[in-house]
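# Secondary and tertiary structure notes
So you can see what is in the structure, the chains are spelled out below.
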Amino acid sequence: MSLILDHIDKSFESVQALKQVNFEVKEGELFGLIGPDGAGKSTLFRIMASLLIPDSGRCSMLGYDVDKEYRQVRQIIGYMPGRFSLYMDLSVEENLAFYARVFGTTIQENYDLIKDIYEQIAPFKKRLAGRLSGGMKQKLALSCALIHRPRILILDEPTTGVDAVSRREFWDMLKKIQREGITTVVSTPYMDEAELCDRVALIQKGSLLAVADPSALAEGGEKLLYSLRSGKGVYAYLDQIRQLEGCRYAWLFGDELHVTLRSAADDAGVKKVLDSWQDDSLKWESIVPSIEDRFMGLLQEESDADSEMEEGE
Amino acid sequence: MTGTLEHIIEVRDMVKKFGSFVANDRLTFHVEKGEIFGFLGANGAGKTTAMRILCGLSYPSSGEIMVAGHNVYHEREKIKRKIGYMSQKFSLYDDLTVSENIRLYAGIYGLGRKEINTREAQLLERLGLTHIKNRLIREIPLGWKQKLAFSVAIFHKPAIVFLDEPTGGVDPITRRQFWEMIHDATLEGITVFVTTHYMDEAEYCDRVSIMVEGRIEALDTPAGLKQSYESRNMNEVFLKLART
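As the structure is a computational prediction, the values presented were derived from the model and not from experiment.

### Description of the overall build of chain B
- Across its full length, chain B holds nine helices and ten strands.
- Relative to the compact-globule value of 18 Å for 244 residues, chain B shows a C-alpha radius of gyration of 18 Å, a close match.
- Each principal axis of the C-alpha distribution contributes one length, and for chain B these read about 50 × 40 × 35 Å.
- The 244 residues of chain B split such that 41% are buried.
- Expressed as a percentage of contacts within chain B between residues at least 6 apart in sequence, the contacts between residues at least 24 apart total 67%.

In structure tokens form, the structure reads like this:
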């Protein structure tokens, strides 16, 4: 195992940021930590980077304990925090040289590793980092995190606020880095990026909801998810669908509604009602859930459980 | 040029230069009253620059632009009264309570005390936040803050609300609840002008424009764009257009 997180707890005053977080990342894996802001992703990453000590539980990187053996840990990891850790008043080239020297290496020594990424920003190497666009800062920060050829790369929300094109390019880079044998742990609020990972952990309010490979996650659960489309647009149908007896949840999903039924037997009843709406362009079909569907399902089960508890009190 | 009732925003040949850099290159488009208009583009394509001009926060270099019936050169204060604005970084004050934030904004827009009292109570009730109205903003979860920030941005019943990446970082259910609030706002006659990096959200818009390097490359309904660019979804449309 490259990385082991063993029942990590962490609180800040009254806020429990992480609750019994427990998972392992295999050597060479591209592992995603998926969850919204405030879920505890950055806290967990700072623990992995040896910048925070957990209240209880253990974290180790290639067998080194991040608390007791933080010196060794820092040599073998590359960490890219959420807000880029670049020096805005140094040039592109100076930033990279600085990171290389801190780790006792040179730009030349590992240049082949960052070549593809760095060449895209090399035409601006004399420019101050503070004057780069968001996409270019991201590429420079990644180059700096890689310059000492870490064995484990930890990227905290590298694509947040980045447009769909740059996000795609960034993931292409991560795949290349993986082929160099570097284990990568990356966090993101974008569910579509989860599909690009070997395995993912879904996290919400400091607790893991699931750890699995994306396809297994999609197959999990009962087959109760349906898609509704209409040539007239689906928003107008949202309230009506939610009022149907067989409907457990219904949400907008791009140009569709995704509807979770209470049981498979409800399908016939719902179909009958849809027919009575006399919209020939209506299309109702059973679908395989995406990661986003699964995440939403887990969130709802949790909130249902919460409200049942409140009612019981 | 006069802005017609149907065109709540009318933009013709809008140019904005910073020195020799052309951030907005002859933008021409309109936004219809009551629609949800998605304003998409890659980072650095010029969206924020254009949005700042439409909100009356900066002057264009040239072009004819009317927002809510007012000219962006001479009537910026009138425009500001008729619009609402919410950015990705929330415009709420962390060290004020929920209630204080609502009252502060309502006061700035000149609403009377009686009206504020009634509408504050209604708003808190509708959001289900009455029980935490005296809590500091910094103590409440992100999803609630986001819904509150939107409600505050439309509290004075503006003609148009500008939303700059309003759903960044929240969970997928909160994101959808937010879009349901946006739809509800249009039912009250509010026009919505919105930017986002989530391409599924582009599908929720009535019409979408896509900016590339300072120009509007495409503008149509999501269905029309998908057909023109032979794409299954808006993400593919965006990748085809914006990848340079």
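### Thoughts on the sheet that holds strand β11 (residues 225-229) of chain A
All names here are of chain A.
- Taken in spatial order, the four strands of this open sheet run β12-β13-β11-β14, and their pairing is antiparallel. Edge positions in the open sheet fall to β12 (247-253) and β14 (283-286), since each of these has one partner strand only. When strand polarity is set aside, the average angle formed by the axes of neighbouring strands in this sheet is 25 degrees.
- Where β11 meets β14, four bridges bridge the pair, whose relative direction is antiparallel. Its bridge partner being in β14, Arg229 is matched across the sheet by Lys283.

### Section: the pairing of strand β8 (residues 191-195) of chain B
All names here are of chain B.
- For β8, the tally of buried residues reaches five of five residues, placing the bulk of the element in the interior.
- By the bridge criterion, three bridges tie strand β3 (residues 36-41) to β8 in an arrangement that is parallel. By the bridge assignment, Phe37 is partnered in β8 with Phe193.
- Looking at chain direction, strand β7 (residues 160-164) and β8 are connected through five bridges and run parallel. Bridge pairing in β8 places Ile160 opposite Thr191.
- For the crossover from β7 across helix α6 (residues 172-187) to β8, the handedness is right-handed.

### Section: unusual backbone geometry
- Residue Ser50 of chain A is not a glycine yet carries a positive backbone phi of 70 degrees.
- The topology assignment puts Ser50 of chain A in the loop between α1 (41-48) and β4 (56-61).
- The residue Glu213 of chain B is not glycine, and still its phi comes out positive at about 45 degrees.
- Locating Glu213 of chain B in the fold gives a position in the loop between β9 (207-212) and β10 (215-220).

### Focus on the environment of Thr186 of chain B
Residues and elements named next belong to chain B.
- Structurally, Thr186 can be placed in helix α6.
- Each C-alpha atom, one on Thr186 and one on Ile36, is 7.5 Å from the other, the two residues being 150 residues apart in sequence.
- With residues up to four places along the chain from it excluded, the contact list for Thr186 reads Gly34, Ile36 and Val192.

### Regarding the sheet that holds strand β4 (residues 62-67) of chain B
Residue and element names in this part refer to chain B.
- Strand order in this open sheet of four strands is β2-β1-β4-β5, and the pairing throughout is antiparallel. Each edge of the open sheet carries a strand with a single partner, namely β2 (21-32) and β5 (70-71).
- Across eight bridges, strand β1 (residues 7-18) lies against β2 in antiparallel orientation. Along β2, the bridge assignment pairs Ile9 with Val31.

### Quick word on the interface of chain B and chain A
- Residue-level contacts link 26 residues of chain B with 27 residues of chain A.
- Sorting elements by how many residues they give to the side of chain B that touches chain A places α6 of chain B first, with five residues.
- Of the residues that constitute the side of chain B that touches chain A, the class distribution is 13 nonpolar, eight polar and five charged.

### Here we look at the nonpolar core
- If you look at the biggest cluster of nonpolar residues, it comprises 146 residues, and the most contacted ones within it are Met48, Ile154 and Leu257 of chain A together with Val161, Phe162, Val192 and Phe238 of chain B.
- In terms of residue count, the dominant contributor to this core is helix α5 (residues 134-146) of chain A (six residues).
- Shared between two domains, this core holds at least three residues of each, these being domain 1 (3-218) and domain 2 (222-288) of chain A.

### A closer look at helix α3 (residues 98-108) of chain B
Residues and elements named next belong to chain B.
- Within α3, burial applies to Val98, Asn101, Ile102, Tyr105 and Ala106. Buried residues in α3, looked at end-on, bunch into an arc of 125 degrees, giving them a common side. Facing away from the buried side of α3 by over 90 degrees, the exposed positions are Gly107 and Ile108.
- In this fold, the buried residues of α3 make contact with α4 (113-127) and α5 (142-153).
- Phi for Gly110, located one or two positions after α3, is positive at around 80 degrees.

### Concerning the packing of helix α4 (residues 111-121) of chain A against α5 of chain A
All names here are of chain A.
- Two elements in contact, α4 and α5, have axes separated by 9 Å at closest approach and are oriented at 150 degrees. Put simply, α4 runs roughly antiparallel to α5. Taken as a pair, α4 and α5 cross one another with a handedness that is left-handed. On α5, the residues that touch Leu113, Ile114, Ile117, Tyr118, Gln120 and Ile121 of α4 are Met136, Lys139, Leu140, Leu142, Ser143 and Leu146.
- Per-class residue counts for the contact of α4 with α5 are nine nonpolar, two polar and one charged.

### Let's talk about the environment of Tyr226 of chain A
- As for its position among the elements, Tyr226 of chain A is in strand β11.
- Each C-alpha atom, one on Tyr226 of chain A and one on Ser286 of chain A, is 4.3 Å from the other, the two residues being 60 residues apart in sequence.

### Considering helix α1 (residues 47-54) of chain B
All names here are of chain B.
- Within the span of α1, buried status applies to Lys47, Ala50, Met51, Ile53 and Leu54. In an axial view of α1, the angular spread of the buried residues amounts to 160 degrees, which keeps them on one side of the axis.
- Following α1 by one or two positions, Gly56 has its phi on the positive side, about 80 degrees.

### Some remarks on the domain arrangement of chain A
- Each domain of chain A was delimited in the assignment, giving domain 1 (3-218) and domain 2 (222-288).
- The distance between the C-alpha centroids of domain 1 of chain A and domain 2 of chain A comes to 40 Å.

So, how was this worked out
- Residues numbered from 1 in each chain as written.
- Chains lettered and ligands numbered in written order.
- Predicted model: local features only at pLDDT ≥ 70, side-chain atom pairs only at ≥ 80, totals over all residues.
- Helix = DSSP H or I, 4+ residues; strand = E, 2+ residues; numbered from the N terminus.
- Rg over C-alpha atoms; globule rule 2.2 N^0.38 Å.
- Buried ≥ 20, exposed ≤ 12 C-beta atoms within 10 Å, placed from the backbone.
- Contact = placed C-beta atoms within 7 Å.
- Pairing = 2+ DSSP bridges.
- Axes fitted to C-alpha atoms, helices over the stretch in contact; angles between N-to-C directions.
- Right-handed = clockwise from strand over helix to strand, strands pointing away.
- Nonpolar A, V, L, I, M, F, W, Y, C, P; charged D, E, K, R; others polar.
- Core = buried A, V, L, I, M, F, W, Y, C linked by C-beta atoms within 7 Å.
- Domains from an automatic or database assignment.
- Arc of directions from axis to C-beta.
- Parallel < 35°, antiparallel > 145°, perpendicular 65-115°, else oblique.
- Left-handed = near helix turned anticlockwise from the far one by under 90°.

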